[in-house]
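Below, each chain spelled out in residue letters.
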Amino acid sequence: MSAPLPAQLEELVEDFTAVPEEDKLQLLLEFSHSLPALPARLGEHPEELEQVVECQSPLFLTVEWDEGSEPGPEAPVRLFFSAPAEAPTTRGFASILHEGLDGLPARQVLEVPDDLPERFGLTQLVSPLRMRGMSAMLGRVKRRVRELQGA
């Protein structure tokens, strides 16, 4: 039995599993259009973002505590991603992570199973290299959350 997911992430997995295989890439493309832009303060300081080198396309991310929250396992975390428009697969998965994890308590983010990328049913549709990039994004997010908790 797979580990349970936070509700909003479970809903995204259900969205992908509900569509026929031939429509999954189109759904991922739609997600790529909804990745929020970086806030100006991060756009002006790209050195505050970490590159996920396992991604085929240049993807950068950072994780912060929600403004005004007390750091700890129940503190909400905020996720920020930067990926070029010409990298729809990478942007799409970043957008899924943003929609599914942004605002969750640190504890819940850390509990997300590492097999999350496989749960979207994309393994047959995207290259193993892209799947590895998706897993690396999740791994970086979780590592950054652990670093925040230790700071």
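Report follows, based on the coordinates. (Residues numbered from 1 in each chain as written. Predicted model: local features only at pLDDT ≥ 70, side-chain atom pairs only at ≥ 80, totals over all residues. Heavy atoms only, no water.)

### Considering the side chain of Glu50
Here's step 1: Counting through the fold element by element, Glu50 comes out in strand S1 (residues 50-51).
Here's step 2: There is a polar contact of 2.8 Å between the side chain of Glu50 and the side chain of Arg143. (Helix = DSSP H or I, 4+ residues; strand = E, 2+ residues; numbered from the N terminus. Polar contact = N/O pair within 3.5 Å; in protein donor to acceptor, adjacent residues only side chain to side chain.)

### Quick notes on the nonpolar core
Here's step 1: Ranked by internal contacts, the top residues of the largest apolar core, which has 41 residues, are Leu59, Phe81, Leu101, Leu116, Phe120 and Met137.
Here's step 2: Taken together, the elements giving at least two residues each to this core come down to helix H1 (7-18), helix H2 (21-33), strand S2 (60-65), strand S3 (77-82), helix H4 (88-101), helix H5 (106-111) and helix H6 (128-150).
Here's step 3: Broken down by element, the residue count for this core peaks at eight residues, all from H6.
Here's step 4: When residues no more than four places from it in sequence are discounted, the contact partners of Leu59 are Glu50, Gln51, Val52, Phe81, Ser82, Ala83, Thr90, Ala94 and Met137. (Core = buried A, V, L, I, M, F, W, Y, C linked by side-chain atoms within 4.5 Å. Buried < 20%, exposed > 50% of the residue type's maximum accessible area, 1.4 Å probe, protein only. Contact = heavy atoms within 4.5 Å.)

### Details of the environment of Ala37
Here's step 1: Positionally, Ala37 belongs in the loop between H2 and helix H3 (40-43).
Here's step 2: Overall, the relative accessible area of 70% leaves Ala37 in the exposed class.
Here's step 3: Linking Ala37 and Ser82, residues 45 residues apart in sequence, is a C-alpha distance of 7.3 Å.

What is shown is where atoms sit, not what they do.
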